[in-house]
Amino acid sequence: MWTPALVLVLVLLSLDPLGAHQSKQNQSDEEEAGARKRKQPHILFILTDDQGFNDIGYHNPTLKTPTLDKLAAEGVTLENYYVQPICTPSRSQLITGRYQIHTGLQHSIIRPSQPSCLPPNMDTLPERLRQAGYSTHLVGKWHLGFYRKACLPTRKGFDSFFGSLTGSVNYYSYKSCDGPGLCGYDLHDGEGVAWGQEGRYSTNLYTQRARKILETHDPAGKPLFLLLSLQAVHTPLQTPKSYIYPYRDMANVARRKFAAMVSTVDEAVRNVTYALRKYGYYRNSVIIFSTDNGAQPFTGGSNWPLRGRKGTYWEGGIRGVGFVHSPLLRRRRRVSKALLHITDWFPTLVGLAGGNISQSQGLDGFDVWPTLSEGKDSPRQEILHNIDPLHRPLVQPEDWDPPTPEASGSKLKVPAFKKPKKKKIPKQQPKQKSPFKLMATKKSKPKLKSKPKLKPLKKSKLKFKLKAKVNPHSRRPVLKVHYSGSPVGSPTPHPKPKKLHIPKRSKSRRNRVTTQNRNPLRSRAPQPKSKRQLKKIPLESGEKHQNISHPVPQESLQPPQSVWDTSVQASIRAGDWKLLTGYPGHGDWVPLQVLPTLPGRWWNLERDISSLHTPSTLKNIWLFNITADPCERQDLADQRPDVVRHLLGRLAYYNQTAVPVHFPPDDPRADPNQHGGAWVPWVDEEEDEDEKYQGVYKKGRPSKKKMKKKCRLCKLQSFFLKLNTGMMSNRI
């Protein structure tokens, strides 16, 4: 007979294989999880501010950056890498992986008093990394809005934050000003103000915090993402005297201080990378170094030999210095000329972290890790630099005289408008000063019709252009395909843009090229009857083009107007080609020996200095073969109208997906004097700002009764609102 003890033993033996199988499965799951954690690299992203193409040692040996030079030489140097021309757009595209036309930040920067920040429902890079198991930290500059607590870095995916919220602070006192007279303390730890740090140099302070994070974190337990967003080398030009001494032979005072600040950055990178090695991160780490935009030559920076400066869409404003250093790279010690953009870091880093990129809808970036690590071809063939419908010339080209030196001031009410007044076009000025005003005061348009001071045809042109400008993101079928259509005619549907011909010009009119460039609208009215068909030439071209420096007839660019309003500031790169429309910004080549001293305050320098332009540069379309001509010295728009037409079509395509521009006026509640002397969030979470303000382009048309009532009750407030918006539309 079977004893109870024997039966129990047999039962246990029969269950043992199942238990052993489960234990093996659990063990294998733990091993897979451990292997995945070991594969997840630690990520150190170092972002500098306003460091130009010529502001690093491996491009300019006069600057002493041995650490940066060594890291770049042992890794992959990025020589075809693009950022945005100013701070907020670059940082928003790094954090979201999306073009600024998809975040509503197309225009300018987020100023301290503006109730604006990243879209609330858009995922961010630190959020995706945190979902993948990372510990995320931000040290340094934020500059992506803070009017609500929901806009703070700790609410956007970072576990910790230590740094400044605004765009520019004093390196020692941490005082930040939004123009003269509106200043406050700006140094924060988490969601609170970090008082008591005055007198400590910000670059050194941020470096110490970064090293403390590396020291206290366990590299074996959890992967780390550290964004070290240094304030340097942004103005004000402040640095310890010991860093200035090696550059004592530089005659340019601003350049001397700027070079010293670059050296502080190099030392900060040396200290942080030393900590990576000391605390066991380095062997499984990826170090990325990048600037956020080009340099400002008027404050000591240099983009030489590239054209333009910070705030412009010339190469000097958007081609960034950058490199990747990592023991995980399969092919190191090389220079990469693959086309890369700052939006590519989002999917690249999420992919490295083992995250799911498909969860982030609408990304404009590409996973370029195979390009960086193995030298494969870049998946990116095109970059939309931006479409900014608010950035318009101060004076519309009805009689477009070259701007006077006063036109570069801080306000739009400048003596530059006196010339058009003599020609009896005063009604155009309010429409051009403030796109915000255009939407709220459409009733001013019939006034142009009622006064026969201008030719009727040209009035209808202006009216149609302004209508397209008011709502460039409209989903209506007509504007959706043709954006603003041809400026000639009425808002009714225009002819199909199939006949893209280039009219011939007689030799007798060659001496009038400058006049045509100054007056694009006038040049469109007399359409010559003689036309010639365009030659079909492949778009992608790597050939060297001949040096062509003669003026470009403006009439040759008429046909693309039916596809895209070329007065809108926009820029796109496709393959070798780069197209710019509207006013790209200050486009000179600035050598190092120019401007020995600072010409003015920094907030004036970050605006368009259009007075330096000659009448021949006041045109609407530029085309360059960047591969053959990286310094943008030969405009090929007249020689390759087929490429121009194709790229204008691409701009129209991208514009169909754009969201309305969000550029609200200043909120007086942001005044630091109302918050203990510091810049802090000032809008309650319960307050519904979306209903109060819809961005620059408001939905619907306000009734006349409401408008009259508003003007009666708050005429003074309306005046300052329009004045502020006009000033900001000309900023940067």
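Just so you know, these numbers come straight off a predicted model, no measurement behind them. (Residues numbered from 1 in each chain as written. Predicted model: local features only at pLDDT ≥ 70, side-chain atom pairs only at ≥ 80, totals over all residues. Heavy atoms only, no water.)

## What about the overall build of the protein?
Part 1 of the argument: Counting its secondary structure elements, the protein contains 23 helices and 20 strands.
Part 2 of the argument: Counting only contacts in the protein whose residues sit at least 6 apart along the sequence, the fraction spanning at least 24 positions is 77%. (Helix = DSSP H or I, 4+ residues; strand = E, 2+ residues; numbered from the N terminus. Contact = heavy atoms within 4.5 Å.)

## Considering the sheet that holds strand E19 (residues 577–581)
Part 1 of the argument: Strands sit in the order E15-E18-E19-E20 across an open sheet of 4 strands; the sheet is antiparallel. The sheet is open, and its two edges are formed by strand E15 (382–388) and strand E20 (621–625), each paired on a single side. Strand-to-strand twist in this sheet, taken as the mean axis angle between neighbours without regard to direction, amounts to 10 degrees.
Part 2 of the argument: Sheet topology places E19 next to E20; 5 bridges connect them, and they run antiparallel. When the bridges of E20 are listed, Lys 578 appears paired with Phe 624.
Part 3 of the argument: Packing against the sheet, helix H20 (residues 641–655) makes contact with E15, strand E18 (569–574), E19 and E20, and its axis sits at approximately 65 degrees to E19. (Pairing = 2+ DSSP bridges. Axes fitted to C-alpha atoms, helices over the stretch in contact; angles between N-to-C directions.)

## Some points on the nonpolar core
Part 1 of the argument: In terms of nonpolar packing, the biggest core is built from 48 residues, with Phe 45, Phe 225, Leu 227, Val 324, Trp 345 and Leu 349 touching the most fellow members.
Part 2 of the argument: Elements with a contribution of two residues or more to this core: strand E1 (42–48), strand E2 (76–78), helix H3 (87–96), helix H4 (125–131), strand E10 (224–229), strand E11 (285–291), helix H9 (345–352) and helix H10 (369–374).
Part 3 of the argument: Excluding anything up to four places from it in sequence, Trp 345 contacts Phe 45, Leu 78, Tyr 81, Leu 94, Ile 288, Val 324 and Leu 372.
Part 4 of the argument: Counting residues in hydrophobic clusters, the runner-up holds 46 residues, among them Tyr 174, Leu 214, Leu 276 and Tyr 281. (Core = buried A, V, L, I, M, F, W, Y, C linked by side-chain atoms within 4.5 Å. Buried < 20%, exposed > 50% of the residue type's maximum accessible area, 1.4 Å probe, protein only.)

## Quick word on the packing of helix H5 (residues 202–216) against helix H7 (residues 253–278)
Packed helices, taken two at a time, are described by their axes: the angle between them and the distance between them.
Part 1 of the argument: Contact pair H5 / H7: the axes reach a minimum separation of 9 Å and the direction vectors enclose 10 degrees. The angle between H5 and H7 places the two elements in the roughly parallel class. Contacts from Thr 203, Asn 204, Thr 207, Ala 210, Arg 211 and Leu 214 in H5 reach Thr 264, Glu 267, Ala 268, Asn 271, Val 272, Tyr 274, Ala 275 and Leu 276 in H7. (Parallel < 35°, antiparallel > 145°, perpendicular 65-115°, else oblique.)

## Some thoughts on the pattern of salt bridges
Part 1 of the argument: If you walk through the whole model with that rule in mind, you get 22 salt bridges.
Part 2 of the argument: Put simply, Asp 178 and Arg 111 hold a salt bridge, and the shortest N to O gap is 2.8 Å. One end of the pair, Asp 178, is in the loop between strand E6 (175–177) and strand E7 (183–185); the other, Arg 111, is in the loop between H3 and H4, with 67 residues separating them in the sequence. Arg 111 matches Asp 178 in its accessibility class, with the two residues each being buried.
Part 3 of the argument: Among the salt bridges present, the one from Asp 159 reaches Arg 130, with a minimum N-O distance of 2.9 Å. Residue Asp 159 is found in the loop between strand E4 (135–141) and strand E5 (160–164), and its partner Arg 130 is found in helix H4; the two are separated by 29 residues along the sequence.
Part 4 of the argument: Looking at Asp 159, the relative accessible area reads 36%, which means it is partly exposed. (Salt bridge = Lys/Arg side-chain N within 4 Å of Asp/Glu carboxyl O.)

## What about the state of the cysteines?
Part 1 of the argument: As enumerated under the stated definition, the model contains 2 disulfides in all.
Part 2 of the argument: In this model Cys 117 forms its disulfide with Cys 151; the gap between the sulfur atoms is 2.2 Å. The sign of the S-S torsion, about -50 degrees, decides the handedness of the disulfide formed by Cys 117 and Cys 151: left-handed. Pair noted here: Cys 117 is in the loop between H3 and H4 and Cys 151 is in the loop between E4 and E5, with a separation of 34 residues, a long-range link. The burial state of Cys 117 is the same as that of Cys 151; both residues are buried.
Part 3 of the argument: Linked covalently through their sulfurs, Cys 177 and Cys 183 form a disulfide whose S-S length is 1.9 Å. Residues Cys 177 and Cys 183 share a disulfide whose torsion about the S-S bond is about 105 degrees; that sign makes it right-handed.
Part 4 of the argument: Given the relative accessible area of 23%, Cys 177 is considered partly exposed. (Disulfide = S-S within 2.5 Å.)

## Concerning the sheet that holds E1
Part 1 of the argument: Read across the sheet, 10 strands follow the order E9-E8-E5-E4-E10-E1-E11-E12-E2-E13 without closing on themselves; strand pairing throughout is mixed. Looking along the sheet, the strands with just one partner apiece sit at the ends: strand E9 (192–193) and strand E13 (334–336).
Part 2 of the argument: Running at roughly 170 degrees to E1, H3 makes contact with E1, E4 and E10 of the sheet.
Part 3 of the argument: H5 rests against E4, E5, strand E8 (188–189) and E10 of the sheet, and its axis sits at about 175 degrees to E10.

## Observations concerning unusual backbone geometry
Part 1 of the argument: With an omega of 5 degrees, the peptide bond running from Thr 235 to Pro 236 counts as cis.
Part 2 of the argument: For Pro 236, the location among the structural elements is in the loop between E10 and helix H6 (241–244).
Part 3 of the argument: Between Trp 304 and the following residue, Pro 305, the backbone shows a cis peptide bond with an omega angle of 5 degrees.
Part 4 of the argument: Among the structural elements, Pro 305 can be located in the loop between E11 and helix H8 (315–318).
Part 5 of the argument: Within the chain, Glu 632 stands out as a residue other than glycine whose phi angle is a positive 55 degrees.
Part 6 of the argument: By secondary structure assignment, the location of Glu 632 is in the loop between E20 and H20.
Part 7 of the argument: Residue Glu 632 is classed as buried on the basis of its relative accessible area of 0%.

## Some remarks on the side chain of Thr 343
Part 1 of the argument: Considering the arrangement of structural elements, one finds Thr 343 in the loop between strand E14 (340–341) and H9.
Part 2 of the argument: Owing to a relative accessible area of 0%, Thr 343 belongs among the buried residues under this scheme.
Part 3 of the argument: Within polar-contact distance, the side chain of Thr 343 engages the side chain of His 341 at 2.9 Å.
Part 4 of the argument: Of the polar contacts made by the side chain of Thr 343, one reaches the side chain of Arg 380; its length is 3.0 Å.
Part 5 of the argument: Other than its neighbours up to four places away in sequence, Thr 343 contacts Gln 93, Gly 97, Arg 98, Tyr 99, Asp 364, Gly 365 and Arg 380. (Polar contact = N/O pair within 3.5 Å; in protein donor to acceptor, adjacent residues only side chain to side chain.)

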